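Reading the structure
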Amino acid sequence: MAHAIQVTIDCADPRSLSAFWAEALGYVVPGPPDGSASWEDFLTARGVPESQWNSASACEDPDGTGPRFFFQQVPEPKQVKNRVHVDVRAAPGLEGDARMAALEARAAELVARGAARLERHEPGGLGAGHIVMADPEGNEFCLD
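Residues numbered from 1 in each chain as written. Predicted model: local features only at pLDDT ≥ 70, side-chain atom pairs only at ≥ 80, totals over all residues. Heavy atoms only, no water.

1. A short note on the sheet that holds strand 5 (residues 116-121)
Formally: Pairs of strands are assigned from DSSP output, requiring at least two bridges between the strands. Going along the chain from the N terminus, every DSSP run of H or I of four or more residues is numbered as a helix, and every run of E of two or more is numbered as a strand. To get an axis, fit a line to the C-alpha atoms, keeping to the stretch in contact for a helix; angles then go from 0 to 180 degrees between the N-to-C directions. Whether two residues touch is decided by their heavy atoms; if any such pair falls within 4.5 Å, the residues are in contact.
Taken in spatial order, the four strands line up as 4-7-6-5 in an open sheet, and their pairing is mixed. One side of each edge strand has no neighbouring strand; the edge strands of this open sheet are strand 4 (86-88) and strand 5. Across this sheet, the average inter-strand angle for adjacent strands is 25°, counted without regard to direction. The sheet contacts of helix 1 (residues 14-25) involve strand 4 and strand 7 (140-143), and relative to strand 4 the element is tilted by about 45°. Of the strands in this sheet, strand 5, strand 6 (130-134) and strand 7 are in contact with helix 3 (residues 96-112), which crosses strand 6 at around 10°.

The following block contains the structure:
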């Protein structure tokens, strides 16, 4: 039996990182549970201190097919290269110059939203070409 997965990312600012990844993946940040006008209303009703309102956030595939991304606040900053990373399929079906142009366009959009561009890998051999990026908190991902 297959199991649904959730990708969990440790971070300093869950709310802003979930918004970044929602944009990067075409996902949405879910609204508060039924009956609450806002997350602030929900958290207040639950007795959560305002100092903890940004301790977690998430973004989800609006079609319900992709994994949920969950962001949890941790006190320590990122320290080493990720051993697991996300590949954002930004140029499916494209090859060569058209592929790299599509990846470059998406990289520019994400840099404008706070990402950093790290490396460009040209097509060749078995590789179709990709761009290594980092999200606003330094977590590496690839545009593939």
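2. Looking at helix 1
As a reminder of what qualifies: Every helix has an expected span of 1.5 Å times one less than the residues it contains.
Here helix 1 contains twelve residues, and its C-alpha end-to-end distance of 16 Å stays within 8% of the 16 Å for a straight helix at 1.5 Å per residue. Contacts made by the buried residues of helix 1 are with strand 1 (6-11), strand 2 (56-59), strand 3 (68-73), strand 4, helix 3 and strand 7.

3. Some remarks on the sheet that holds strand 3
Spatial strand order, 1-3-2: three strands in an open sheet with mixed pairing. Every interior strand has two partners, whereas the edge strands, strand 1 and strand 2, have only one. Strand-to-strand twist in this sheet, taken as the mean axis angle between neighbours without regard to direction, amounts to 20°. Packed onto the sheet, helix 1 meets strand 1, strand 2 and strand 3 and runs at close to 5° relative to strand 2.

4. Examining the environment of Glu23
Using the following cut-off: Per-residue accessibility, obtained with a 1.4 Å probe over protein chains only, is compared with the maximum for each type, and a residue is labelled buried under 20%, exposed over 50%, and partly exposed between these values.
The topology assignment puts Glu23 in helix 1. What makes Glu23 partly exposed here is its relative accessible area of 31%. A sequence separation of 86 residues divides Glu23 from Glu109, and the C-alpha atoms of the two residues are 9.7 Å apart. With residues near it in sequence (within four places) discarded, Glu23 still touches Arg106 and Arg113.

5. What to know about the pairing of strand 3
Of the strand pairs in this sheet, strand 1 and strand 3 are connected by six bridges, and their pairing is parallel. Its bridge partner being in strand 3, Thr8 is matched across the sheet by Phe70. Two elements, strand 2 and strand 3, share four bridges in a ladder whose sense is antiparallel. What sits directly across from Ser57, in strand 3, is Phe71.

6. Quick word on the packing of aromatic side chains
Going by this rule: What counts as a ring pair is set by centres within 6.5 Å for rings of Phe, Tyr and Trp (its six-membered ring), and what kind of pair is set by the plane angle: stacked under 30 degrees, edge-to-face over 60, tilted for all other angles.
As enumerated under the stated definition, the model contains six aromatic pairs in all. Judged by centre distance (4.9 Å) and plane angle (65°), the ring pair of Trp21 and Phe141 falls under edge-to-face. One end of the pair, Trp21, is in helix 1; the other, Phe141, is in strand 7, and 120 residues separate them in sequence. Here Trp21 and Phe141 have matching classes, each one buried. Their ring planes at 90° and their centres at 5.6 Å tell us that Trp39 and Phe42 sit as a pair that is edge-to-face. With Trp39 and Phe42 both in helix 2 (residues 39-45) and three residues apart, the pair spans about one turn of that helix. Grouped by ring-pair contacts, the aromatic residues Phe20, Trp21, Tyr27, Phe69 and Phe141 constitute a single cluster.

7. Considerations on the pattern of salt bridges
Quick note on the threshold: Salt bridges, as used here, are contacts in which a Lys or Arg side-chain nitrogen is within 4 Å of a carboxyl oxygen on Asp or Glu.
As enumerated under the stated definition, the model contains ten salt bridges in all. Two residues, Arg89 and Asp144, come together in a salt bridge whose shortest N-O distance is 3.4 Å. Of this pair, Arg89 sits in the loop between strand 4 and helix 3 while Asp144 is found in the segment after strand 7, placing the two residues 55 residues apart along the sequence. Here Arg89 falls in the exposed class, since its relative accessible area comes to 56%. With its nearest N and O atoms 2.4 Å apart, the salt bridge here joins Glu122 to Arg120. Within this structure, Glu23, Arg106, Glu109 and Arg113 form a network of salt bridges that share partners.

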